[in-house]
Amino acid sequence: SQQGEEDPQALSIQEGENATMNCSYKTSINNLQWYRQNSGRGLVHLILIRSNEREKHSGRLRVTLDTSKKSSSLLITASRAADTASYFCATDVETNAGKSTFGDGTTLTVKP
Amino acid sequence: NAGVMQNPRHLVRRRGQEARLRCSPMKGHSHVYWYRQLPEEGLKFMVYLQKENIIDESGMPKERFSAEFPKEGPSILRIQQVVRGDSAAYFCATSGGLNTEAFFGQGTRLTVV
């Protein structure tokens, strides 16, 4: 089974609402990263959070990490239609942030 | 500062042909990672290279797949004798060092017909 698993698999909300996506993993990690992928496009790096950090913010994004529960969450506040995309968490077990294990993603749809 | 460049963006090959996918790192980046993404799935790590060296190929299929990152020029992912199951999006990511953010290219979508 996956090292990183996103939950839910799909999420549909109205513009202006908040979107929360969760990621669980199985083994101890060095870093956890969140990426966005628009349909048929490449990955955009959102946030990297290290194992000794608990929370990070970037604009409308807030990422938390709970190493005791082996879980992370990505919160997008005041969502926009342009936030419609797939969101992936990627865990780095080794001290190598380029070699990541990705989950299958959460597909977010934000309706105007 | 150009980002990670992959080409071609789309590649169609007949079964049995060879596919060559190129990845030019961001300026100053010497670490290259290749990933494969099947439809509706996340990315799966394939191989990690530094200049002229394969560091970790634990995700590479044992046969038909090879990768290189020569002293000059882009990194190349080569798939020989392609089969339909090789159809996927192939992404490369590059970074300036371990434990630093890796930036992804736009990917090459390989279709085997």
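Bear in mind that the values here come from a model prediction, so they are computed numbers and not experimental data.

Definitions and cut-offs
Positions within a chain are numbered from 1, following the residues in the order the chain's sequence is written. Naming scheme: in the order in which they are written, chains are lettered from A and ligands are numbered from 1. Residues qualify for local features only when their pLDDT is at least 70, as the model is predicted, and side-chain atom pairs are given and counted only at 80 or more; totals for whole chains, interfaces and linings, by contrast, use all residues. As a rule here, side-chain values cover all heavy atoms of the structure and leave hydrogens and water aside. The numbering of helices and of strands both runs from the N terminus, where a helix is a DSSP run of H or I of at least 4 residues and a strand a run of E of at least 2. Here the globule rule is a power law, 2.2 Å times the number of residues to the power 0.38, and the radius of gyration is based on C-alpha atoms. Relative accessibility decides the category of a residue: with a 1.4 Å probe and only protein chains considered, values under 20% of the type maximum give buried, values over 50% give exposed, and everything between is partly exposed. Residues are treated as being in contact if the distance between any of their heavy atoms lies within 4.5 Å. The accessible surface values rely on the Shrake-Rupley method and a 1.4 Å probe; as for residues, cover is taken only from the protein chains in view. We score Asp and Glu as negative and Lys and Arg as positive, and we do not count His or the chain ends. Charge coordinates come from a single atom per side chain, which is NZ of Lys, CZ of Arg, CG of Asp or CD of Glu. A pair of strands counts as paired when DSSP detects no fewer than two bridges linking them. Simply put, an axis is a line fit to the C-alpha atoms, just over the touching stretch for a helix, and the angle between two N-to-C directions goes from 0 to 180 degrees.

**Q** Any details on the overall build of chain A? Residues and values, ideally.
**A** Along its length, chain A carries zero helices and eleven strands. Listing each helix as α and each strand as β along chain A from the N terminus yields β-β-β-β-β-β-β-β-β-β-β. For chain A, whose C-alpha radius of gyration is 13 Å, the value lies close to the compact-globule estimate of 13 Å for 112 residues. Summarising its shape, the C-alpha atoms of chain A cover approximately 40 × 25 × 20 Å along the three principal directions. Burial statistics for chain A: of 112 residues in total, 47% are counted as buried. Counting only contacts in chain A whose residues sit at least 6 apart along the sequence, the fraction spanning at least 24 positions is 55%. Summed over its atoms, the accessible surface of chain A is roughly 5100 Å², and 44% of this surface lies on carbon and sulfur atoms. In chain A, 13 positive and 12 negative side-chain charges are present, and the distance between their average locations comes to 3 Å.

**Q** An account of the sheet that holds strand β8 (residues 71-76) of chain A is needed here, citing residue identities and associated values.
**A** Strand pairing in a sheet takes place through backbone hydrogen bonds and is either antiparallel or parallel in direction. Residues and elements named next belong to chain A. Here five strands make up an open sheet; going across it, the order is β1-β3-β8-β7-β6 and the pairing antiparallel. Looking at strand neighbours, the two that pair on one side only are β1 (4-7) and β6 (55-58), the edges of this open sheet. Neighbour to neighbour, the strand axes of the sheet diverge by 15° on average, direction disregarded.

By themselves, these are just geometric observations and shouldn't be taken as functional.
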